[in-house]
Amino acid sequence: MSPDEYCQEKAAQSGSSFYYSFLFLPQEKRRAITALYAFCREVDDVVDDCIDESVARNKLIWWRQEIRAMLQQAPTHPVTKALLPHLETYQLDGAHLLAIVDGMEMDLNQNRYLDFIALQQYCWHVAGVVGILSASIFGIKNPQTKQFAEKLGLAFQMTNIIRDVGEDARKGRIYLPVNELQQFNVPASDILNARHSEQFVALMQFQYERTQKLYDEAFALLPAEDRRAQRTGLIMAAIYRALLVEIQQDQFQVLKQRISLTPIRKLWLAWKTYIRG
């Protein structure tokens with residue numbers, strides 16, 4: 001299996017909404033974004049799949065070393081081998097790749113965030129940086145497009161947090177800010193024990209409205225001259241925003257189940273957004 005085939009398989013197996021947006025890219029850019037996505041999946045799996053925290057930390061240390069080896073033109077992993085040819089072409093910053101690994105390590109260091117400012121810092125590492133790297137692959141003429149991509153990454157991560165409240169709680173993690181749990185009178189024990197309540201719905205409605213605002217703010221930052229190049233990001237946004245609405249319409253029943261869109265609906269949203277341009 002070639003490095004590109006390895007990354008393709010990693011992306012396809014994930015079932016992620018992002019995969020559907022990649023289908024409309026030219027071949028070279030599709031190879032680059034698939035390699036980046038596979039890298040993100042690899043380092044994310046370290047934290048999710050390792051039961052032993054010390055093993056997870058050592059693996060993240062290895063990934064930092066592997067990124068530095070790639071920057072020295074000497075990668076050893078299929079993902080970094082696939083990513084290497086695209087670093088110069090799309091001006092992908094190694095510091096950003098290292099920042100993603102730092103974000104994964106944050107999951108080992110803490111499982112609560114005091115307020116939204118603290119949560120935003122985490123989101124920047126695991127999503128905002130990914131947005132910037134992705135936008136660089138899609139094509140940037142106006143530097144402001146990086147601000148669009150960073151903000152869109154935050155919106156995506158907040159959508160993930162809303163969708164995965166129950167799943168994260170089963171791993172002992174609550175990403176919803178502590179001061180907002182207090183504001184809406186939702187004890188952490190309610191989330192950890194999957195107790196759905198009117199207070200929980202109000203808390204999640206607050207998260208929903210803020211996240212919708214983040215999408216609006218991101219779109220307002222996208223310069224007209226880069227809109228066509230950034231269609232892949234807009235496809236992702238269409239799918240993620242539809243998921244966000246689906247969760248809200250289902251009264252935020254996220255504590256015991258994972259709400260998702262069907263593959264055919266994702267593909268339809270992707271096609272519709274692509275045609276709209």
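Residues numbered from 1 in each chain as written. Predicted model: local features only at pLDDT ≥ 70, side-chain atom pairs only at ≥ 80, totals over all residues. Heavy atoms only, no water.

J.: So what exactly am I meant to see when it comes to empty space enclosed by the protein here?
T.: Any space left empty among the atoms is revealed by the rolling of a water-sized probe across them. Evaluation of the coordinates by the stated rule reveals 1 cavity of 30 Å³ or more. One number sums up the size of the largest cavity: a volume of about 40 Å³. If you trace the largest cavity, you find it lined by I161, V165, D168, R173, I174, Y175, L176 and I191. (1 Å grid on protein atoms, 1.4 Å probe; cavity = no way out; pocket = protein on both sides within 12 Å on 5 of 7 lines; lining within 4 Å. Points joined across faces, edges and corners; volume = space filled by probe spheres on them.)

J.: Honestly, the pattern of salt bridges in this entry has me stumped. Any pointers?
T.: Where side chains of opposite charge bring their charged atoms close, a pairing between them can arise. Under the definition given, this model contains 21 salt bridges. Between R31 and D4 there is a salt bridge, with its nearest N and O atoms 2.9 Å apart. Of this pair, R31 sits in helix 3 (residues 27-49) while D4 sits in helix 1 (residues 3-14), and the two are 27 residues apart along the sequence. Accessibility expressed as a relative area gives 28% for R31, which makes it partly exposed. Exposure remark for D4: the relative accessible area of 27% places this residue in the partly exposed category. Among the salt bridges present, the one from E217 reaches K151, with a minimum N-O distance of 3.1 Å. One end of the pair, E217, is in helix 12 (residues 198-221); the other, K151, is in helix 8 (residues 145-163), with 66 residues separating them in the sequence. Residue classification places E217 among the partly exposed residues on the basis of a relative accessible area of 29%. Each of the salt bridges in this network shares a partner with another, and the network as a whole consists of D48, R163, D164, E167, K171, R173 and R258. (Salt bridge = Lys/Arg side-chain N within 4 Å of Asp/Glu carboxyl O. Helix = DSSP H or I, 4+ residues; strand = E, 2+ residues; numbered from the N terminus. Buried < 20%, exposed > 50% of the residue type's maximum accessible area, 1.4 Å probe, protein only.)

J.: I keep staring at helix 8 and nothing clicks. Help me out?
T.: What sets the pattern is the α-helix's 3.6 residues per turn: residues three or four places apart point alike. Compared with the 27 Å implied by 1.5 Å per residue over 19 residues, the 27 Å span of helix 8 between its first and last C-alpha is a close match. The buried fraction of helix 8 amounts to 15 of the 19 residues, a majority that puts the element mostly inside the structure. (Expected span 1.5 Å × (residues − 1).)

J.: Explanation requested: the nonpolar core in the structure shown.
T.: Buried together is how nonpolar side chains tend to be arranged in soluble globular proteins. Membership of the largest hydrophobic core comes to 97 residues, with the highest contact counts inside it found for F39, L97, I100, I191 and F200. Here this core takes 12 residues from helix 7 (residues 116-138), the largest share from any one element. The contact partners of L97, leaving out residues within four places of it in the chain, are L36, F39, I67, M70, L83, L87 and L133. (Core = buried A, V, L, I, M, F, W, Y, C linked by side-chain atoms within 4.5 Å. Contact = heavy atoms within 4.5 Å.)

J.: Hey, could you run me through the state of the cysteines in this one?
T.: Covalent bonding between the sulfur atoms of two cysteines defines a disulfide. By the definition in use, this model includes 0 disulfides. Cysteine C7 remains unbridged, with the sulfur of C40 as its closest cysteine sulfur at 11 Å. No disulfide involves C123; its sulfur sits 14 Å from that of C40, the nearest cysteine. According to the relative accessible area criterion, C123 is buried, its value standing at 1%. (Disulfide = S-S within 2.5 Å.)

As far as function goes, none of this settles anything; it's purely spatial.
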